[in-house]
Amino acid sequence: MKAIKALAVREQSVNAIRASIMSGELAPGQRLVERELCEALDISRNTLRESYRQLEAEGFLEIRPHKGPIVAVMSDDQARQIYEAREALECYAVRRFTERASDDAVIELRVVADELAAAVSGGNAHDVDTWKTRFYEDLFDGAENDFLHDQARLMYSRLTRLRARSLSYPGRAAQSAGEIRGVIAAIERRDADRAADLWCDHVRHAAAAALSSPVDPIVEAPTLAAL
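Overview of the structure.

What counts, and where the lines are drawn
Residue numbers restart at each chain and count upward from 1, following the sequence in its written direction. Per-residue local features are limited, in this predicted model, to residues with pLDDT of at least 70; the limit for side-chain atom pairs, both in listing and counting, is 80 or more; totals at the level of whole chains, interfaces and linings are taken over all residues. Side-chain descriptors were evaluated using all non-hydrogen atoms of the structure, hydrogens and water having been removed beforehand. In DSSP terms, a helix is any run of H or I states spanning at least four residues, a strand is any run of E spanning at least two, and both are numbered starting from the N terminus. The rule is simple: take the accessible area with a 1.4 Å probe, protein chains only, and divide by the maximum for that residue type; under 20% is buried, over 50% is exposed, in between is partly exposed. Contacts are residue-level and defined by heavy atoms, with any inter-residue pair within 4.5 Å sufficient. Note that accessible areas follow from Shrake-Rupley with a 1.4 Å probe, and for residues the cover is restricted to the protein chains shown. The term salt bridge refers to a pairing of a side-chain nitrogen on Lys or Arg with a carboxyl oxygen on Asp or Glu at a separation within 4 Å. The pairing criterion is simple: DSSP has to find at least two bridges between the two strands. Ring pairs are drawn from Phe, Tyr and Trp, using the six-membered ring of Trp, whenever the two centres fall within 6.5 Å, and their geometry is named by plane angle: stacked under 30 degrees, edge-to-face over 60, tilted for the rest. Angles run from 0 to 180 degrees between N-to-C directions of axes, and those axes are lines fitted to C-alpha atoms, restricted for helices to the stretch in contact. An angle below 35 degrees is read as roughly parallel, one above 145 as roughly antiparallel, one from 65 to 115 as roughly perpendicular, and any other as oblique. Each crossing is labelled by how the near helix is turned from the far one, with a counterclockwise turn of less than a right angle marking it left-handed and a clockwise turn marking it right-handed. Think of it as three bins: nonpolar holds Ala, Val, Leu, Ile, Met, Phe, Trp, Tyr, Cys and Pro, charged holds Asp, Glu, Lys and Arg, and polar takes everything else, Gly as well. This count recognises Lys and Arg as positive and Asp and Glu as negative, with His and chain-terminal groups excluded. Polar contact criterion, stated in full: a pair of N or O atoms within 3.5 Å, where within protein one must be able to donate a hydrogen and the other to accept it, and residues adjacent in sequence count only if both atoms are side-chain atoms.

### Re the overall build of the chain
Inference 1: A tally of helices and strands in the chain yields nine helices and two strands.
Inference 2: Its helices and strands in sequence order give the chain the pattern α-α-α-β-β-α-α-α-α-α-α, from N to C terminus.
Inference 3: Within the chain, the proportion of its 227 residues that are buried is 43%.
Inference 4: Contacts in the chain between residues at least 24 apart in sequence constitute 76% of all its contacts with a sequence separation of at least 6.
Inference 5: Roughly 12000 Å² of accessible area belongs to the chain as shown, and the carbon and sulfur atoms make up 52% of that amount.

Okay, here's the thing in structure tokens:
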């Protein structure tokens, strides 16, 4: 039972630190202060260091000799690599969804895409994120490939910061919603080739917008805001 409890505590600390990085509360390049984090999360130093190792493996932290952990700074080259992986995974998922999903699943995806477009028009960033997450969940469920879905989940945590950069590019949010509607139309026709091609274009446009936006700044901060 102690081992299970320790694992749960570590997972909670990993989730808290990851969420703070994804939200921007912990900025790229910012040093993490062990004492402050232990107090904020009410965890031991051993638990925190185990959390660091997991977050380093996920690409959220860099642990530098004699300097300790800092929030990882994503280079343009790293961003390109992530978008290349995203294109491969998602275009395959769109193809498989078009071929395998039930008619009801296709209708539901259309509903979610419409809600996403409405959120974009309304300028509500929280709703945009909610409906985009729902869209991906429905897409991968309909593709009927659990392994593919698991790999996508690992990638999406790293994509969060890039998505914010992409959608901040002037006109990109509305363009993105329009591209998704075009893909849905191809899916409804059960045209897997066209749907996959359009989605590949969608990901490439997102990559171009993200890489055209200002890169994540490096912030040197002596203290850490409460998590």
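Here the narrative resumes, following the displayed structure.
### Focus on the pattern of salt bridges
Inference 1: This structure, assessed with the given rule, holds 17 salt bridges.
Inference 2: Between Glu 179 and Arg 172 there is a salt bridge, with the nearest N and O atoms lying 2.9 Å from each other.
Inference 3: One network of salt bridges, with partners in common, ties together Glu 34, Arg 45 and Arg 49.

### Remarks on the pairing of strand 1 (residues 61–64)
Side-chain positions along a regular strand alternate between the two faces of the sheet.
Inference 1: In this sheet, strand 2 (residues 68–71) lies alongside strand 1 in antiparallel orientation, the contact comprising four bridges. Residue pairing in the sheet places Glu 62 in a bridge with Ile 70 of strand 2.
Inference 2: Linking two consecutive strands that pair antiparallel, namely strand 1 and strand 2, is a turn of three residues; a positive phi of about 70° is found at His 66 within it.

### Details of the packing of aromatic side chains
Inference 1: Taken as a whole and judged by the stated rule, the model has three aromatic pairs.
Inference 2: Taken together, a centroid distance of 5.7 Å and an interplanar angle of 10° make the contact between Phe 135 and Trp 199 stacked. One end of the pair, Phe 135, is in helix 6 (residues 125–143); the other, Trp 199, is in helix 9 (residues 192–212), and 64 residues separate them in sequence. Residue Phe 135 shares its accessibility class with Trp 199, and that shared class is buried.
Inference 3: For the ring pair Tyr 136 and Trp 199, a centre distance of 6.3 Å and an interplane angle of 90° mean the geometry is edge-to-face. Residue Tyr 136 is found in helix 6, and its partner Trp 199 is found in helix 9; the two are separated by 63 residues along the sequence. Each member of the pair, Tyr 136 as well as Trp 199, is classed as buried.

### Quick look at the packing of helix 4 (residues 76–100) against helix 6
Inference 1: One can describe the packing of helix 4 onto helix 6 by two numbers: an axis separation of 7 Å at closest approach and a directional angle of 60°. Our classification of the angle between helix 4 and helix 6 gives oblique. The element helix 4 and its partner helix 6 pack so that their crossing is left-handed. Residues Arg 86, Leu 89, Glu 90, Ala 93, Val 94, Arg 96, Phe 97 and Arg 100 of helix 4 touch helix 6, and the partners they reach there are Tyr 136, Asp 138, Leu 139, Phe 140, Gly 142 and Ala 143.
Inference 2: Considered class by class, the residues forming the contact of helix 4 with helix 6 number eight nonpolar, one polar and five charged.

### Some details on the environment of Glu 50
Inference 1: Take Glu 50: it is sitting in helix 3 (residues 45–58).
Inference 2: The class for Glu 50 is partly exposed, based on a relative accessible area of 33%.
Inference 3: A sequence separation of 37 residues divides Glu 50 from Ser 13, and the C-alpha atoms of the two residues are 9.7 Å apart.

### Quick word on the environment of Ile 187
Inference 1: With respect to the helices, strands and loops of the structure, Ile 187 is situated in helix 8 (residues 172–188).
Inference 2: The buried category is assigned to Ile 187, whose relative accessible area is 1%.
Inference 3: Separated by 90 residues in sequence, Ile 187 and Phe 97 place their C-alpha atoms 8.0 Å apart.
Inference 4: If we ignore the near neighbours within four places in the chain, the residues touching Ile 187 are Val 94, Phe 97, Thr 98, Val 106, Leu 109 and Ala 195.

### Some points on the side chain of Lys 132
Inference 1: Considering the arrangement of structural elements, one finds Lys 132 in helix 6.
Inference 2: In this structure Lys 132 is buried but unpaired, with Glu 179 as the nearest side chain of opposite charge at 7.6 Å.
Inference 3: Among the polar contacts listed, one links the side chain of Lys 132 to the side chain of Ser 176, at a separation of 3.5 Å.

### A look at the packing of helix 8 against helix 9
Packed helices, taken two at a time, are described by the angle between their axes plus the distance between the axes.
Inference 1: Here helix 8 crosses helix 9 at 170°, and the two axes come no closer than 8 Å. The angle between helix 8 and helix 9 places the two elements in the roughly antiparallel class. Between helix 8 and helix 9, the residues in contact are Arg 172, Gln 175, Ser 176, Glu 179, Ile 180, Gly 182, Val 183, Ala 186 and Ile 187 and Arg 194, Ala 195, Leu 198, Trp 199, His 202, His 205, Ala 206 and Ala 209, respectively.
Inference 2: Of the residues belonging to the contact of helix 8 with helix 9, the class tally is nine nonpolar, five polar and three charged.

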